[in-house]
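As a plain string of letters, each chain reads:
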Amino acid sequence: MASIELKNVIKRYGSGKTANQVIHGVNAQIKDGEFIVIVGPSGCGKSTLLRMVAGLEEISDGQISIGGRVVNDLEPSDRDIAMVFQNYALYPHMTVFENMAYGLKIANVPMDEIKARVDKAAKILELAPYLERKPKALSGGQRQRVAMGRAIVRQPQVFLFDEPLSNLDAKLRAQTRLEIQKLHRELGITSLFVTHDQVEAMTLAQRMIVMNGGVMEQFGTPEEVYTRPASTFVASFIGSPPMNLLKNAPDAQPGVITGIRPEHLDITPTGWALQVEAVEMLGAERLIYGKWAHKLHAADADETVIIRIEESAAVPALGSTLHVTPRADRIHHFNASTGKRMDTV
Amino acid sequence: MVERRTGIAVLAHVVMILGALIVAFPIYMAFVASTHAPQDIMQSPMPLWPGSNLWASYSAALTGSSGGGTPVARMIWVSFVITAIITVGKISISLLSAFAVVYFRFPLRQLCFWLIFITLMLPVEVRIGPTYQVVADLGMINTYAGLSVPLIASATATFLFRQFFLTVPDELVEAARVDGAGPMRFFKDILVPLSVTSIAALFVIQFIYGWNQYLWPLIAATSQDMYPIVVGIKQIIGTGESVSEWNVVMATAVLAMLPPAIVVVLMQKWFVKGLVDTEK
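Residues numbered from 1 in each chain as written. Chains lettered and ligands numbered in written order. Predicted model: local features only at pLDDT ≥ 70, side-chain atom pairs only at ≥ 80, totals over all residues.

K.L.:
A description of the overall build of chain A should follow, citing residues and the corresponding values.
P.N.:
The helix and strand tally for chain A stands at 8 helices and 17 strands. Its C-alpha atoms put chain A at 75 × 50 × 35 Å along the principal axes. Within chain A, counting contacts between residues at least 6 apart in sequence, those at least 24 apart form 63% of the total. (Helix = DSSP H or I, 4+ residues; strand = E, 2+ residues; numbered from the N terminus. Contact = placed C-beta atoms within 7 Å.)

And the structure:
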């Protein structure tokens, strides 16, 4: 078990004038035994960051240490990490047992210990009946578990997961998510988990790193990220439907974006006047899409405001005017030019 | 619909049977000729059914007792050794060079690949003069090495393995790196086992290629006891005044056909899999 420290980590491809920088100096302190999720849209550099920790990508600048040891120039196998790949990357010609044992065999672990470790991992992951099968004869979920088993038997300091759930169907994904959580509770190994799925991020993370365009936008617990997003990007990326980011809220100051989540707008007799454009039924709740009833600023007054109401609440008629009031303690303010959170307006 | 299908099936079979007959008939005739006494074959028309001289023809061929010189058994042995060296050599060298070209970033990598690729356009025949000079200067005439080594370099096989290696997912390479497998370990434990079907397909192709070599052994082997069987057949056929014992010639031809046929029959399943299979 180990802590991980990222110090001003930079990744660029190419050199000189044609260099293309994709990670712009990430700093993060990850504590021993923490489960960290790195989340962001595709192309934000989250996988690259993980692969730099793994040693599969060179670190252009900055420093990564695992357990207090700088690993910049170490081979992946010397970093005491184990990785679960998106497509599992199982060796197709080896049985499940051989797949899990391969790393240990190379490390010259005695055969009886290999067997003991693999058997133990197989028991945890319920793979015992499949040890003699080839990956081809396994279902997607089972392959995924073999990939995790291969990571577990190495008894590494750090687990790295590169979108390991994205090839599973929705039901299996939810189930595997719980298994990963359970596994982390039992083994307590520091884990880095990359995903683009915010539900995965929110449910798995003890703390999460939100990335955008190679920049770390926020690093905090899921609660912090949800209730105090550090920027308009985080506010719109985390939460579904996303936070309303309004330039033209009635009481807004110029240059300040008002953020309010759809569930924090209450329908009241007076307040912000909205014209109802559409209503969506989602099961337990409904989403109401509204536009400002009277244009406040002529320029870009065409903003959509989303309101989330209970399924049992009265449904407003399309085209009617609705009054809503934001809950005062749930209003966020962002700087319109930088997109950063403003705690005092 | 059903009727039309039967029609097509019948037509397909007719074409297939015709094709098979055209291919098989000369082989059948060679076999028939090898079972008759020499004077029977010279009759017109030639007999179409197997005769009773089978044992005599084949034992004469195998022992070389009919005055033809080298026994066929010896020629088959020479052929077999040469073919084995060529086949194994080609496959190992191609695997290694494809491995280097695909997985290592070294200066002039692309140039190396293209140099290998260009030799595809230069068959043995084109470089036969200089090759002979080199082999002769090294004193390798009439040796197994001299007969096989110049035929080992193979752009075709290198290219085939390169294409296969390119389809191996990067994640597999990375997983091996995380598992601590060095390059040669990765090659031995993962790449080669994954290439088994391609290797089998190439084995068949190269075995037949090696077995059927004619021109190079013809000039690189000057002593009778180093003739591979394909060259040997030509030597058995009498020239000028001497009379050819056609039954022995045909028996030799049939014996020459057997080893490649056995290889193809035994490895057919793998051969097809290696050329068709894309699943890994």
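K.L.:
An account of helix 4 (residues 140-153) of chain A is needed here, citing residue identities and associated values.
P.N.:
All names here are of chain A. Between its first and last C-alpha atoms helix 4 spans 20 Å; for 14 residues at 1.5 Å apiece the expected length is 20 Å, and the two agree. The element helix 4 is largely enclosed, with a buried count of 11 among its 14 residues. By the burial criterion, the buried members of helix 4 are Arg143, Gln144, Arg145, Val146, Ala147, Met148, Gly149, Arg150, Ala151, Ile152 and Val153. Those residues of helix 4 that are buried lie in contact with strand 6 (81-84), helix 2 (96-106), helix 3 (111-124), strand 7 (158-162) and helix 5 (170-187). (Expected span 1.5 Å × (residues − 1). Buried ≥ 20, exposed ≤ 12 C-beta atoms within 10 Å, placed from the backbone.)

K.L.:
Could you give an account of the nonpolar core, naming the residues involved and the relevant values?
P.N.:
Counting 111 residues, the largest nonpolar core has Ile36(A), Ile38(A) and Leu160(A) as the members making the most contacts within it. With 8 residues, the single largest contributor to this core is helix 11 (residues 196-211) of chain B. Two domains share this core, each providing at least three of its residues, namely domain 1 (4-229) and domain 2 (241-335) of chain A. Those residues within four positions of Leu160(A) in sequence are excluded, and the remaining contacts are Leu50(A), Val53(A), Ala54(A), Ile81(A), Met83(A) and Leu192(A). Residues Ile41(B), Ala60(B), Trp216(B) and Ile236(B) belong to the second largest nonpolar core, which totals 29 residues. (Core = buried A, V, L, I, M, F, W, Y, C linked by C-beta atoms within 7 Å. Domains from an automatic or database assignment.)

K.L.:
Account for the interface of chain B and chain A, with residues named and values stated.
P.N.:
By a frequent convention, interface size equals the accessible area lost on bringing the separate parts together. On the chain A side, the residues contacting the 15 residues of chain B number 16 residues. The dominant element in the side of chain B that touches chain A, judged by the number of residues it contributes, is helix 9 (residues 170-178) of chain B, at 6 residues. Among the residues making up the side of chain B that touches chain A, the classes are represented as 8 nonpolar, 1 polar and 6 charged. (Nonpolar A, V, L, I, M, F, W, Y, C, P; charged D, E, K, R; others polar.)

K.L.:
Please provide a residue-by-residue account of the sheet that holds strand 7 of chain A, values included.
P.N.:
Residue and element names in this part refer to chain A. Taken in spatial order, the 6 strands of this open sheet run 6-7-8-3-9-10, and their pairing is mixed. Each of the sheet's edge strands pairs with one partner strand only, and the pair in question is strand 6 and strand 10 (215-220). Along the sheet, successive strands turn relative to each other by an average axial angle of 15 degrees, direction set aside. Both strand 9 (residues 207-212) and strand 10 contribute to a ladder of 5 bridges, which runs antiparallel. Bridging from a neighbouring strand, Val210 pairs with Gln218 of strand 10. (Pairing = 2+ DSSP bridges. Axes fitted to C-alpha atoms, helices over the stretch in contact; angles between N-to-C directions.)

K.L.:
Can you break down the packing of helix 4 (residues 72-103) of chain B against helix 13 (residues 229-236) of chain B residue by residue, with the values?
P.N.:
All names here are of chain B. Running from N to C, helix 4 and helix 13 cross one another at 150 degrees; their axes reach a closest spacing of 8 Å. Taken together, helix 4 and helix 13 sit at an angle that is classed as roughly antiparallel. Contacts from Val72, Met75, Ile76 and Ser79 in helix 4 reach Ile229, Val230 and Gly232 in helix 13. Of the residues assigned to the contact of helix 4 with helix 13, the class counts are 5 nonpolar, 2 polar and no charged. (Parallel < 35°, antiparallel > 145°, perpendicular 65-115°, else oblique.)

K.L.:
How would you summarise the domain arrangement of chain A if you had to cite specific residues and measurements?
P.N.:
The domain architecture assigned to chain A consists of domain 1 (4-229) and domain 2 (241-335). Here the C-alpha centre of domain 2 of chain A lies 40 Å away from the C-alpha centre of domain 1 of chain A.

K.L.:
So what's going on with the confidence of the model for chain B? Which residues, and what values?
P.N.:
When the pLDDT values of chain B are averaged, the result is 84; 93% of them are 70 or greater. Across the interface, the model reports ipTM at 0.82; the global pTM reads 0.79. (pLDDT = per-residue confidence, 0-100.)

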